[in-house]
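# Geometric and topological summary
Chain by chain, the residues run as shown.
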Amino acid sequence: MKDQLKVGITYNLKRKMGSDLEAEYDDEKTITILAETIKNFGCDVILLEANETIIDTIKNKPDIVFNIAEGIQGRGREAEIPGFLNILQIPYTGSDETSLCLSLDKHLTKVIVQSVGIRTPKHQLFHKVDEKLVEDIRFPVILKPNQEGSSKGIFDACTADNDADLYPLLQRLLSQYQQPVLVEEFLTGREFTIGLLQEGDHIIVLPPMEIVYKKHFGKYDVYSYEVKKNYKECVEYHCPPQLTQAERDEMEKAAKEIFVLFDCKDMARIDFRCDAEGKLNFIELNPLPGLSKGYSDLPYAAERMGISFEALIRRILRNALLRNHIDYHI
Ligand SMILES: Nc1ncnc2c1ncn2[C@@H]1O[C@H](COP(=O)(O)OP(=O)(O)O)[C@@H](O)[C@H]1O
Ligand SMILES: [Mg+2]
C-alpha cells in the first residue's frame, strides 16, 4: 500500500461572472471544498487547472485525478482531460473520454437512447436556419444548442408555439452558439433528475428529485439558466417525490439502462420529463454532474439518502481506485 496517495483535482475555474459563457465552470469555493474533503481522507492534493498550464503542473504526477473539468472548447471538450490523462496513463474518477463525448452531443445521445426503446421527445437537429421543421414534430417546441450544458443557451424564452416564433429564435441560437440547434417537442409534464452511483459491479440509484416550479416566467416552465441561478426563489426540489412504485421503477430501470449503455463510471445524473399524458421521457445524460456542496443536484439527492457530501466524494474516489487496482484505503 502507498504511503500517501497523491490526488490531482482537474477543474475549470469560473472567472468572468455574469454571462452564461462559463456556466459549466466551477467557482473557487467548489474546488476548495473538494480539495479539503480529499485532504481529510489523508491524501495529498494537487490542484490542476485544466488549461494550458496543466502541461507543467501535471509533472507533479498524481497517483489519480479527481476530474471535474468541463474542458475548453468543442463538442468533445469534456474528453480533453480524460484523453490527456490516458496518454500519461494517469487514472481518473468518472467516465472516460468516450462516454463524455457522446453525452455532450444531445442529439446523438437521444438517438442512442431511443434505439433501446426508451422514450425521448421527437426532435430535429438544425444546422441552418432555412431548414423546414419535419411534419411529425408538433408545437410547442424547445430549442437548445446541441452541445452545451448547465442550461447554457436555454433561457426563459427558448420555446416556440409556431414557425413565426421558431425561426428568429433559431437564427439567434445558431449565430450566438455557432453549433447546431436541437429542436424538441416540449413536454409539459413533471420533471425529474436522478443520480446514480457505481460501486464495483453495482449501480446505486439515488432517490429521484422532482423540480417543482414556484415562479413562472413565461407560458412554459423550463429549468433555464435564469431559474438555475435563482433556484431558491424559482423552484422547490421534492426528493423523494410522490411517485407510484411503478413510476419509480420505470425511472430507475431507464436510468440504469442508460448508465450501462454509455458505460458511465462512478456517477451520473439523468434528466427526465413527462409528457402531457404523464409518460416518462429521457431528456439528457450528465456523466459529469456538478459536485458543488450544498448546491448541485447529485450531492443534494445523495444527502437525502443519508450519504453526506464527504461520503459521496469518498465513494467516487474509492470506486475509481478500485477500478484502477490502486491499493489504497480511504
Ligand atoms: N423536450 C423538453 N420538454 C420540456 N422541457 C425541456 C425539454 N428539453 C429540455 N427541457 C427543459 O430545459 C432544461 C434544460 O435542458 P437540458 O437538455 O437538461 O439541458 P442542460 O444540459 O443545460 O441541463 C430541462 O431541465 C427542462 O426543464
Ligand atoms: Mg439538464
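This section reports on the structure supplied with the text.

Rules behind the numbers
- Residues numbered from 1 in each chain as written.
- Chains lettered and ligands numbered in written order.
- Predicted model: local features only at pLDDT ≥ 70, side-chain atom pairs only at ≥ 80, totals over all residues.
- Heavy atoms only, no water.
- Donors = N, O, S within 2.8 Å, 3.2 Å for Na, K, Ca; no water.
- Helix = DSSP H or I, 4+ residues; strand = E, 2+ residues; numbered from the N terminus.
- Buried < 20%, exposed > 50% of the residue type's maximum accessible area, 1.4 Å probe, protein only.
- Polar contact = N/O pair within 3.5 Å; in protein donor to acceptor, adjacent residues only side chain to side chain.
- Contact = heavy atoms within 4.5 Å.
- Expected span 1.5 Å × (residues − 1).
- Arc of directions from axis to C-beta.
- Axes fitted to C-alpha atoms, helices over the stretch in contact; angles between N-to-C directions.
- Parallel < 35°, antiparallel > 145°, perpendicular 65-115°, else oblique.
- Nonpolar A, V, L, I, M, F, W, Y, C, P; charged D, E, K, R; others polar.
- Core = buried A, V, L, I, M, F, W, Y, C linked by side-chain atoms within 4.5 Å.
- Domains from an automatic or database assignment.
- Pairing = 2+ DSSP bridges.

## Details of the coordination of the magnesium ion (ligand 2)
On the protein side, the magnesium ion (ligand 2) has D271 (OD) and E284 (OE) as donor atoms, found 2.0 to 2.1 Å from it. Residue D271 is found in strand β12 (residues 267-274), and its partner E284 is found in strand β13 (residues 280-286); the two are separated by 13 residues along the sequence. Each of the two residues, D271 as well as E284, counts as buried.

## With respect to the side chain of T120
If you trace the backbone, T120 turns up in the loop between α5 (106-115) and β4 (123-126). Reaching out from T120, the side chain makes a polar contact with the side chain of K110 at a distance of 2.8 Å. In contact with T120, not counting residues within four places along its chain, are K110, Q114, N281 and F282.

## Side note on helix α1 (residues 28-39)
Here α1 spans 16 Å end to end across twelve residues, near enough to the 16 Å set by a 1.5 Å rise per residue. Listing the buried residues of α1 in full gives T30, I31, L34, A35, T37 and I38. Angularly, the buried residues of α1 cover 160° about the axis, an arc narrow enough to put them on a single face. Among the exposed residues of α1, those oriented more than 90 degrees off its buried face are E28 and K29.

## Looking at the packing of helix α4 (residues 97-104) against α5
Between α4 and α5, whose axes approach to 5 Å, the crossing angle comes to 100°. Taken together, the axes of α4 and α5 are roughly perpendicular relative to one another. For the pair formed by α4 and α5, the contact residues are L102, S103 and L104 on the first element and K106, L108, T109 and I112 on the second. A breakdown of the residues in the contact of α4 with α5 according to their chemical character gives four nonpolar, two polar and one charged.

## Some remarks on the nonpolar core
Counting 44 residues, the largest nonpolar core has I38, F66, V235, L291 and L317 as its most contacted members. Of all the secondary-structure elements, those providing two or more residues to this core are β1 (6-11), α1, β3 (64-67), β10 (209-213), α8 (231-234), β11 (235-238), α10 (297-304) and α11 (309-323). For this core, the leading source of residues is α11, giving seven residues. Residue assignment places this core across two domains, with domain 1 (6-93) and domain 2 (102-119 + 187-316) each supplying three or more. When near neighbours in sequence (up to four residues on either side) are disregarded, I38 contacts V7, I9, C43, V45, F66, I313 and L317. Grouped together as the second largest cluster of nonpolar side chains are 21 residues, I118, V205, A254 and F272 included.

## Looking at the pairing of β13
Counting buried residues in β13 gives seven out of seven residues, a clear majority hidden from the surface. Relative to β13, β12 runs antiparallel, the two being bridged by six bridges. Paired with R269 across the strands is N286, a residue of β13. As consecutive antiparallel partners, β12 and β13 are separated by five residues, and within that stretch G278 has a phi angle of approximately 90°, a positive value.

## Quick word on the sheet that holds strand β5 (residues 141-145)
Taking strand neighbours across the sheet as the criterion, the four strands line up as β4-β7-β5-β6 in an open arrangement whose pairing is antiparallel. The sheet is open, and its two borders are formed by β4 and β6 (159-160), each paired with just one other strand. Taken together, the five bridges between β5 and strand β7 (residues 181-185) define a ladder with antiparallel strand orientation. Counterpart to V141 in the pairing with β7 is E185. Each of β4, β5 and β7 is contacted by α5, which is oriented at about 150° to β4, the strand it contacts most. Running at roughly 10° to β5, helix α6 (residues 163-177) makes contact with β4, β5, β6 and β7 of the sheet.

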